[in-house]
Each structure stands twice: as C-alpha cells, then as structure tokens.
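Summary of the model geometry
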2 protein chains.
Amino acid sequence: MQRYFVPEDHFTEHHVVITGDDARHIQKVMRMKPSDSLICANNKGKAYLCAVESIDGGQVCAVIKQKITGNSELPIQVTIAQGIPKADKFDTIIQKGTECGASLFIPFQAQRSIALWKKNKKDKKRLRLEKISKEAAEQSHRLYVPKLSEPMDLDQLIAYSTSCDYKMVAFEETAKSGAQAGFPTLLKKMNKGDRLLAVIGPEGGLSVDEAKKLEDHGFVLCGLGPRILRTETTAIYLLSAISYHFELLNCEVDD
Amino acid sequence: MQRYFVPEDHFTEHHVVITGDDARHIQKVMRMKPSDSLICANNKGKAYLCAVESIDGGQVCAVIKQKITGNSELPIQVTIAQGIPKADKFDTIIQKGTECGASLFIPFQAQRSIALWKKNKKDKKRLRLEKISKEAAEQSHRLYVPKLSEPMDLDQLIAYSTSCDYKMVAFEETAKSGAQAGFPTLLKKMNKGDRLLAVIGPEGGLSVDEAKKLEDHGFVLCGLGPRILRTETTAIYLLSAISYHFELLNCEVDD
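Below, the structure is looked at part by part. (Residues numbered from 1 in each chain as written. Chains lettered and ligands numbered in written order. Predicted model: local features only at pLDDT ≥ 70, side-chain atom pairs only at ≥ 80, totals over all residues. Heavy atoms only, no water.)

**A look at the overall build of chain A**
Secondary structure assignment for chain A yields eight helices and 11 strands. Taken against the 2.2 N^0.38 rule, which gives 18 Å for 255 residues, the C-alpha radius of gyration of chain A at 20 Å falls within 12% of a compact globule. Taken along its principal axes, the extent of the C-alpha atoms in chain A is 60 × 45 × 30 Å. Taking all 255 residues of chain A together, the buried fraction comes to 53%. Put simply, 75% of the contacts in chain A that link residues at least 6 apart link residues at least 24 apart. (Helix = DSSP H or I, 4+ residues; strand = E, 2+ residues; numbered from the N terminus. Rg over C-alpha atoms; globule rule 2.2 N^0.38 Å. Buried < 20%, exposed > 50% of the residue type's maximum accessible area, 1.4 Å probe, protein only. Contact = heavy atoms within 4.5 Å.)

**A word on helix 6 (residues 182–189) of chain B**
The set of residues buried in helix 6 of chain B consists of Phe 183, Pro 184, Leu 186 and Leu 187 of chain B. Taken around the axis of helix 6 of chain B, the buried residues stretch over an arc of 155°, which confines them to a single face. Summarising the geometry of helix 6 of chain B, the exposed residues directed more than 90 degrees from the buried face are Lys 188 and Lys 189 of chain B. In this structure, the buried side of helix 6 of chain B is in contact with helix 8 (231–248) of chain A together with strand 9 (166–170), strand 10 (195–200), strand 11 (220–222) and helix 8 (231–248) of chain B. (Arc of directions from axis to C-beta.)

**Thoughts on the packing of helix 2 (residues 89–99) of chain A against helix 3 (residues 119–139) of chain A**
All names here are of chain A. Running from N to C, helix 2 and helix 3 cross one another at 30°; their axes reach a closest spacing of 8 Å. Taken together, the axis directions place helix 2 and helix 3 in an arrangement best described as roughly parallel. For the element pair helix 2 and helix 3, the recorded crossing hand is right-handed. Residues Phe 90, Asp 91, Ile 94, Gln 95, Thr 98 and Glu 99 of helix 2 lie in contact with helix 3, whose contacting residues are Arg 128, Leu 129, Ile 132, Ser 133, Ala 136, Ala 137 and Gln 139. For the contact of helix 2 with helix 3, the per-class residue count stands at six nonpolar, four polar and three charged. (Axes fitted to C-alpha atoms, helices over the stretch in contact; angles between N-to-C directions. Parallel < 35°, antiparallel > 145°, perpendicular 65-115°, else oblique. Left-handed = near helix turned anticlockwise from the far one by under 90°. Nonpolar A, V, L, I, M, F, W, Y, C, P; charged D, E, K, R; others polar.)

**Some remarks on the relation of the copies chain B and chain A**
Rotating chain B by 180° and moving it 0.0 Å along the rotation axis overlays it on chain A with an RMSD of 0.0 Å. The transformation relating the two chain copies, once decomposed into turn and shift, fits a two-fold axis. When C-alpha distances to the rotation axis are compared across chain B, the minimum falls at Ala 241 of chain B, with a value of 2.5 Å. Mapped onto chain A, 100% of the interface residues of chain B are again interface residues, and the two copies thus contact each other with one and the same surface. (Least-squares fit on C-alpha atoms with pLDDT ≥ 70 in both.)

**Looking at the packing of aromatic side chains**
If you walk through the whole model with that rule in mind, you get four aromatic pairs over all chains. Ring geometry for Phe 11 of chain A against Tyr 48 of chain A: centres 5.8 Å apart, planes inclined by 50°, an arrangement best described as tilted. Residue Phe 11 of chain A is found in the loop between strand 1 (3–5) and strand 2 (15–18), and its partner Tyr 48 of chain A is found in strand 4 (residues 47–56); the two are separated by 37 residues along the sequence. Neither Phe 11 of chain A nor Tyr 48 of chain A differs from the other in exposure class; each is buried. Relative to Tyr 244 of chain B, the ring of Phe 183 of chain A has its centre 5.7 Å away and its plane inclined at 75°; by these criteria the two rings are edge-to-face. In this pair, Phe 183 of chain A is assigned in helix 6 (residues 182–189) and Tyr 244 of chain B in helix 8, connecting two distinct chains. Residue classification places Phe 183 of chain A among the buried residues on the basis of a relative accessible area of 0%. (Phe/Tyr/Trp six-rings, centres within 6.5 Å; stacked < 30°, edge-to-face > 60°.)

**Regarding the interface of chain B and chain A**
In many reports, interface size means the accessible area that the parts give up when they come together. Between chain B and chain A, the residue contacts involve 40 residues of the former and 40 residues of the latter. Note on chain B versus chain A: buried area summed over both sides is about 3,400 Å², and carbon and sulfur give 57% of it. Summed over the shared surface of chain B and chain A, the result is six salt bridges. Salt-bridge contacts for Lys 96 of chain B lead to Glu 232 of chain A; the nearest nitrogen and oxygen are separated by 2.9 Å. The interface formed by chain B and chain A contains 22 residue pairs in polar contact (both at pLDDT 80 or more). Broken down by secondary-structure element, the contributors of at least two residues to the side of chain B that touches chain A are helix 2 (89–99), helix 3 (119–139), helix 6 and helix 8 of chain B. The greatest single-element share of the side of chain B that touches chain A, amounting to 11 residues, is contributed by helix 8 of chain B. Class assignment of the residues belonging to the side of chain B that touches chain A gives a composition of 17 nonpolar, 14 polar and nine charged. (Buried area = accessible area lost by both parts, 1.4 Å probe. Salt bridge = Lys/Arg side-chain N within 4 Å of Asp/Glu carboxyl O. Polar contact = N/O pair within 3.5 Å; in protein donor to acceptor, adjacent residues only side chain to side chain.)

As structure tokens, this is what we get:
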C-alpha cells in the first residue's frame, strides 16, 4: 500500500492533511478516490492506516483508521560517512542505504574524492538527495527518513565521531590481508539503540594516512570479505550484513 | 592492479597473449608500456601476476611472473534466479551480484515481469550483460566470471532446481509476517561447495501462486528483514548476508 511521510503538524487526532508533491502524487499518479486506503507516517516513529476523505485541489484530507504496529527500523543506528563519489553514485547510495536501514548519511570529503559539492550547487543537490531518501523510506516502509548532514572533512568527521558508541572503517587493505573478524566482533559488542559510525572511501579508496588517522582515533579497520567492492556497493553490503546479524540471525540484542 | 580474464588457450607456460577489447584497454585506457604489471586470470580458478613484454597492434604479450594465491570466491555457489525487471535494472543486478559473489544468473520470466526478452534483442542483451559481468568480475578480483543462463519460466526453473542442494525464495509476505529465521537456518545447513538457488521476484514481487508452487517443490520461503527491498536490492542483500555468514562471521563450513 502507498505510504507517505507527512509533517507531524499536518496530523490531528483523527485526520491527516497531505499537501504539495504527495497530494499531487495521490491524485495524478495513484488516481485515488475518496475511501481509498493509504498509509501516513509522521517521521517520528508512528504510521497510520488512513482512508482518503476528500480531495480539494492541492490538498488531500484523509481519516485515520488505525495505528500500524511493527518496527521496520534497524535495532542499531547506523551512520554512513561516505567518501564523496563521482557522478550520481551518491543518489544510489542514499536510495539503497535508506532501503537497507541507515539513520544518517555524512558526505565525507576524502583525499581521493574527485567531486566537490560546490557551494552554488549544494542546496539543489541536498534537495534532490532528500527527495530520494524520503521516497526510498516510503517505498521500504521505514518509520524514519534518514538524515543527511553537511559535508565533512576528516577532522570534522573525527570530531563528530565522539558522539558515536562504535566506529569503523571499511578498509580494502584489511580485506586484502584476510583479516575478516573485525566487523562481526564489533557487531557482537553492540546493544540495541547503540550508534555505529561507518566510514567508506570514495572510488580510489581511503589513503593509508586517512585510515591510520581514523584508527588512531578509535575507529576499527574492517575488511568486508575477499572481493573488492565498488564504493557504492560497500554501504549496501555493510547494512545488509548488519540487518542479517541483528534481524535474521537471532543474535538478540540487549535492551 | 588491473585484472583481465583471458581465454585459457591464450596462456602458454610462461606467457599470456591478450587480444580484442582488453588489448585495446591496456593500450588506450591504461596506457601501459613494456614491463608494466597486470593480472591475468584464466576463468578456471587461477590468476597470475604478469608484466607486459610487447605491444603489437591489436595484441599484447605478457610474461607470467607468479601465480596469485588466495581465493576470492564465496564458499558456496549461489545462483540468482531474478524475476526479469524493467529497464536497465538487470544490468545493476548483474554488476553488483558479480561483485558480491554470485555464480550464475537466471533471468526468470515471472508472472509480474513486465519486460520480455524479445528474440531479436536477446543476443544483443546477452552480450551486454556478459560484458558487464566480466568487467565486474575483473574489478572485484573474482576468479570466475559468473554465468548467465537463457531465460526460464517457472516450470523450467523448477526442473532446473533439482540440480541444486538448497533452494529458497525471497518472499516479501514472509518478511511482513515477521518470520526471519528461514534464511539463516538454511545457511547453517550448508557445506562448502553446496549449490544454493535463490529466487527473487520482479518489481511487483512473486504472486502467491508462484510462491506456493515453489514451496511445493521444496523451496524455502525466506523473509529478508522488515524493510521492503526493491527487486534490484534484494540480490545484493542476499549475497552480502551470505558473505557475512560464511566469510566474516567465522561460521566455518565443513569441507
């Protein structure tokens, strides 16, 4: 069933008012009529089964039928600090990373990042990425739309990392050396609600200097298997493995 | 280091001859000169560190320096039977699925597959997909290029499945019902070299009839977490989880 994130102040006790692009989507794409069902989520952890009540130009009013139970969020909070990649790869990372449960994305200006987020294009880029993230969160039945931070350089990322419970770096050289225990060892230590910061290099990978500096600041260098993953595949691998570990493998996390 | 798959009959005891697109790539894109290093793999499980010896028009001759040890292949053989998706999503699935270790891809003509592989375009499509697969296998340091079968319908897929040790279906409805133990339970049963066939629906998912028929033929219906994954994300999730299970989590598989 179609889902929409609706700002919390558009909810009243029994109704939801949907405006803007989503109202247009309901009318023009979904061609909904009064009494048709949809799900409205408030991006604060709650979602409701609703029925269209009235459609009036740019505004759709829906009546709340019932609260939807069940939690589709990962038990740990994962921040992906992604070395800024070329072209539209960040779009893919945001879309797939949202589907796979990330909480926050940090564009990380790594030494080998070729693309820069130029000031004059930054706002437009942010709007597009936020739209991709919202749509992916709706499609995958998330309860929250992941956040997108301002771009950070290495020092900013290290300063930010002090607020996280666990921190890791997906590092190809560790993968090559065959040391694969770091990542599962880290996950086994984590409890429900803990925050993990995972740093992923851009196309050329992280430099040895960057990896060393992160390691000096308490980041665990982790290999992610013996195959070399493209930068845009790494976040999906990481989040899928986290989902498998916590949500499927019955590795119960302590409350 | 740049890797190329070279047909086995281009290898002699001490030399490799590279022709065609790869020879052009070495000259025009990599701009290699004599004595530059590269890796040549024979798609039979062996890879060698080589050095360019001579470049002569459409042909590059390289001398074999040493055999490369280490295995980058998943310990189990995974076949992805992918419900044929729309547009260029199969390209993504082949590329990322190759990076993540798949052995074989079967385009599966599911009830809800909108796209058909028309006869007149099938050969061109196959050539493109094989090229994507070869390049992804080179980039990710695989020892084998995954194979691509002819498209199959449900009955053909069921007939094929008798040759596999384990078979599963990624089924959204199982995910929705909260039953997540099926997939890890299956993996825990598997031993090194076993063959797993995993069926993934197209955009609209598998129909209940298709899932039922597969289940009747011994396929295990498996949920892959509480979030609804796009069809092109599902294979990557599945293969990443398999890699995590066998390659990282130290779930040693019996020889």
